[in-house]
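So the chains spell out like this:
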Amino acid sequence: MPLRVYNTLTRQKEDFQTVVPGKVGMYLCGPTVYKPAHIGHMVGPVIFDTVKRYLVYQGYDVKFVINITDVDDKLIVRAAERQTTVEKLAREMTQDYFDNLKTIGVDSVDLFPYATEHIAEMLDIIQRLIDRGYAYPLEGDVYFDAAKDADYGALSHRSISEVMAGTRVEANDRKRHPADFALWKSSKPGEPAWDSPWGRGRPGWHIECSAMSMKYLGETLDIHGGGLDLMFPHHENELAQSECCTGKPFAKYWLHNGLMQAGKAAGKVGGGHDRHGDVELDKAAQEAGKLAGSKGAASVKELFAKHPPETIRFFLLATHYRSPIDFSDDNIAEKGKSLEGFYRLFETYQRITGQDFYQLAVPSLRSKSTALPAEPAAFTAELARLRDRFCESMDDDFNTGAATSILFDLRTVINAFIHEQKLETTGKSNATAIAALTAAVTLLKELAALLGVFTRPLPRSSAGDDEFASGLMGLVLELRAEARATKNWPMSDKIRDRLKALKVVVEDRPDGVTWRREA
RNA sequence: GGCGCCGUAGCCAAGUGGUUAGGCAGUGGAUUGCAAAUCCACCAUACGUCGGUUCGACUCCGAUCGGCGCCUCCA
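Here the structure is a predicted model, which means the values were calculated and not measured. (Residues numbered from 1 in each chain as written. Chains lettered and ligands numbered in written order. Predicted model: local features only at pLDDT ≥ 70, side-chain atom pairs only at ≥ 80, totals over all residues. Heavy atoms only, no water.)

1. As for the packing of aromatic side chains
Two numbers describe a pair of aromatic rings. These are the distance of the centres and the angle of the planes. With the rule as written, the count across this model stands at 19 aromatic pairs. Note on phenylalanine 16 and tyrosine 60: the rings are 5.6 Å apart at their centroids and 80 degrees apart in plane angle, and the pair reads as edge-to-face. With phenylalanine 16 in the loop between β2 (12–15) and β3 (23–28) and tyrosine 60 in the loop between α1 (40–57) and β4 (61–66), this residue pair connects regions lying 44 residues apart in the sequence. Taking relative accessible area as the criterion, phenylalanine 16 reaches 7% and is therefore assigned buried. An aromatic cluster of three or more residues is present, and its members are Phe314, Phe342, Tyr343, Phe346, Phe357, Tyr358, Phe408 and Phe454. The ring of tyrosine 136 has arginine 176 lying over it, and the distance from NZ or CZ to the ring centre is 3.9 Å. We note arginine 322 situated over the ring of tyrosine 6; from NZ or CZ to the ring centre the distance is 4.0 Å. (Phe/Tyr/Trp six-rings, centres within 6.5 Å; stacked < 30°, edge-to-face > 60°. Helix = DSSP H or I, 4+ residues; strand = E, 2+ residues; numbered from the N terminus. Buried < 20%, exposed > 50% of the residue type's maximum accessible area, 1.4 Å probe, protein only. Lys NZ or Arg CZ within 6 Å of the ring centre and 35° of its normal.)

Below you can see the structure in the form of C-alpha cells.
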C-alpha cells in the first residue's frame, strides 16, 4: 500500500514520490516571533512532526526545516510598544516557541533557520528575479511582477484578474499590478535595515521562505506545509517567486493543515452579537477571538497548565489534519479521559511483569517492527492485523484520526488477552503468555511513538509522589488492611471513600492494593 | 463580490456507491465483601434539508439552509 498525500496544488490525493528516492525535504512555515505562542501555533508543528515520524518509520531519510521569522512589521510595532529591541523581543519569543515545542513533543525538526541570518540569500533571489525580468525596482522597493508569471494563482486556484477584482486593499498606484508584492521594502529610520543594491531596507514577507527552504532543502522541496490561512497570498507568492527564480518546480506536495476554531459558541457570535448582549456570548466572542483571530490568544503555556501536554497533542491528532479543529477545554478534557485507559494498562503491565512500560525500547523503523511471537496464534494475528491497519490509515494522507482508533483497538485486545490468560493472577508464571504480552505492549508503544504519545511518563503531580505523601499513604493503607482483615467493611470503605474525595483512588486487587492520584 | 471548506447518533470523531470505525457518556452482565480497574454485551438500523442520477446514496450531481476560512504580513 503506497503512501498517498493530498496535494493542495492538484486538489487530490497523489502517490507520494520523492525527488530523490528515499529522501524527503520538508519545510514548514514557522512563526513570526513577536508574542507568546498560542495553541494554533502548535498545530502545524505537531502534525508535521508526526508526518516526519511516520516517513522515518517507513524508511525515508527526512530533513525537516521550520523557519523563524525574526524581522517583520509586527515585531517592529511590538518591540516599540514594549520599549525593547526587535532582536531582544524575537529572541525571547523564539525561546518561548522552542519551549512549547519541546513540551508538546515536537522533537524531529532538524533546523530552525532565522530570516535575519539569510539576507544575502534573499538578495540573491531578488537579483535573479530582476535579471530574469520577473521583478522591478521602484523607489527603493522591489516588486514581483505577477503578470509576468503565467502560472500565478495555481496554488490557490485563482487568476490574476480575480486577485485584482477581489482585492480589498487600496490599490498601490505605484505597482504595475495589484497582485504584485514586495520582495524588498525600503526601511524608515530606526527600523531594522540591511544594505542592498536598491538601498537600505528589509525583506518582504515571502522571500525568506524561498531563500531558506531552497538553501537547506534544494530547489524542489518534497513537502511544503503550512496553515490553510497561508495558502494565499503567502504560499502563492512563495511559489511564484521561487519558480520564476529557478525555473524548476518549487514543491512537489503542498500540505495545508486546518485551523483551530473556538467551538460552537464562536459560531453563534458571528450570527448574533449585534442583537444579544448577554454575558455568555461575550465570553464566547472572547474565546473566538483568542483562536480564530489569534489576537490576544491564550498562550500555550496557560493551556499546558490546564491539560497534560500529551492530552493536547492527542487532541490535535484525533482530528484529520486538513479539518478545522474544534477547540474547547471540554473537548481536550474528554481526550484526556479517553487516554486514562492506556495509563491503566501501562500500570497493569508493570504489575504483571515488573517492567516499566516507558523503559521498553521500541523500533523506529517499520522494517524492524516489534517481533510478534508465534504463540498464541490468534492473538499475534490480531496484533499483526492492527499494525497493518494503523499503517494503512497513515498511508492514507496521514489519517491520524483513524490511526488513533487503532491504538484503542490494540488496548482492548491486550486487556482482553490479560483477562482471558488471567495474567494478573494464576497466569503470572505463563512465560509464553507473558512474552506475548510484552510483544503486544511494545507494539502499542511503537505505534503510539509515531504519533508522539506515550513516549515518556506523565509528569507526576507534585504533591502525590513525595516521600511524605507516600509514607502517609502507606500508613493509611496499612490501617485499612487491618480493618479489612477483620472484615470491618464500614471502616475500610470509609477510608477509601474519604481518599476518593481527596482525589486518591484506591484499588483492591487480588494481589494487593494500589493507589494513585487523579488528575 | 471572488476562491474554498464543513454539517455523521447525547457529545467528540473516522470512513465508504450495497458487509464493524473508534472514543467519551449511558445501560445490562462477569469479576469484587462492596467498589475501582478490566472483560463481555447493548448503544442508537446516524450521516443538515429538498430534489436528481442509480437496481441501490450518508457516499456522486444540483439546489437550499446553517456554520467557517481566505481574498487584510493570522500557523
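Right, picking up where we left off after that structure.
2. A few points about the domain arrangement of chain A
Here chain A is described as being made up of domain 1 (4–327), domain 2 (338–451) and domain 3 (463–517). The centre of domain 2, based on its C-alpha atoms, is set 30 Å off from the matching centre of domain 3. The partner domain 3 presents six residues to the six residues of domain 2 that form the contact. Taken together, the two surfaces of domain 2 and domain 3 that pack against each other cover about 470 Å², and 44% of this comes from carbon and sulfur. Sorting the residues of domain 2 by area buried against domain 3 places Arg344, Arg351 and Glu424 first, and these three jointly supply 70% of that buried surface. Across the salt bridge formed by aspartate 511 and lysine 428, the nearest N and O atoms sit 2.9 Å from each other. Here the residues of the side of domain 2 that touches domain 3 sort into no nonpolar, one polar and five charged. (Domains from an automatic or database assignment. Contact = heavy atoms within 4.5 Å. Buried area = accessible area lost by both parts, 1.4 Å probe. Salt bridge = Lys/Arg side-chain N within 4 Å of Asp/Glu carboxyl O. Nonpolar A, V, L, I, M, F, W, Y, C, P; charged D, E, K, R; others polar.)

3. Remarks on helix α2 (residues 73–81)
Burial in α2 covers these residues: Leu75, Ile76 and Ala79. Buried residues of α2, viewed axially, fall in a sector of 100 degrees; they line one side. Structurally, α2 contributes buried residues whose contacts are with α3 (86–103) and β8 (201–203). Phi for glutamine 83, located one or two positions after α2, is positive at around 55 degrees. (Arc of directions from axis to C-beta.)

4. Let's talk about the protein's contact with RNA strand B
Lining the immediate surroundings of RNA strand B are 69 residues, of which Lys74, Lys185, Leu230, Arg496 and Asp508 lie closest. Between RNA strand B and serine 156 there is a distance of 3.2 Å, counted from a sugar or linking oxygen to a backbone nitrogen or oxygen. Per-element tally for the surface near RNA strand B: the top contributor is helix α14 (residues 400–420), with 10 residues. In the surface near RNA strand B, the residues fall into 18 nonpolar, 27 polar and 24 charged. (Near = heavy atom within 4 Å. Polar contact = N/O pair within 3.5 Å; in protein donor to acceptor, adjacent residues only side chain to side chain.)

5. Digging into the pairing of strand β7 (residues 181–186)
As paired strands, strand β6 (residues 141–144) and β7 are joined by three bridges and run antiparallel to one another. In the sheet register, valine 142 faces β7, and the bridge partner there is tryptophan 184. As paired strands, β7 and β8 are joined by three bridges and run antiparallel to one another. Bridge pairing links lysine 185 to arginine 202 in β8. (Pairing = 2+ DSSP bridges.)

6. Observations regarding the packing of α2 against α3
Interaxial distance between α2 and α3 falls to 9 Å at its minimum, and their mutual angle equals 105 degrees. In terms of axis orientation, α2 runs roughly perpendicular to α3. Judged by residue contacts, Leu75, Ile76, Arg78 and Ala79 of α2 engage Val86, Leu89 and Ala90 from α3. Taken together, the residues that form the contact of α2 with α3 break down as six nonpolar, no polar and one charged. (Axes fitted to C-alpha atoms, helices over the stretch in contact; angles between N-to-C directions. Parallel < 35°, antiparallel > 145°, perpendicular 65-115°, else oblique.)

7. Considerations on the sheet that holds β3
The four strands lie next to each other as β4-β3-β9-β10, forming an open sheet whose pairing is parallel. Unpaired on one side and paired on the other, β4 and β10 (251–257) mark the two borders of the sheet. Taking the axes of each pair of neighbouring strands and ignoring which way they run, one obtains an average angle of 20 degrees across the sheet. Pairing between strand β9 (residues 221–227) and β10: six bridges, direction parallel.

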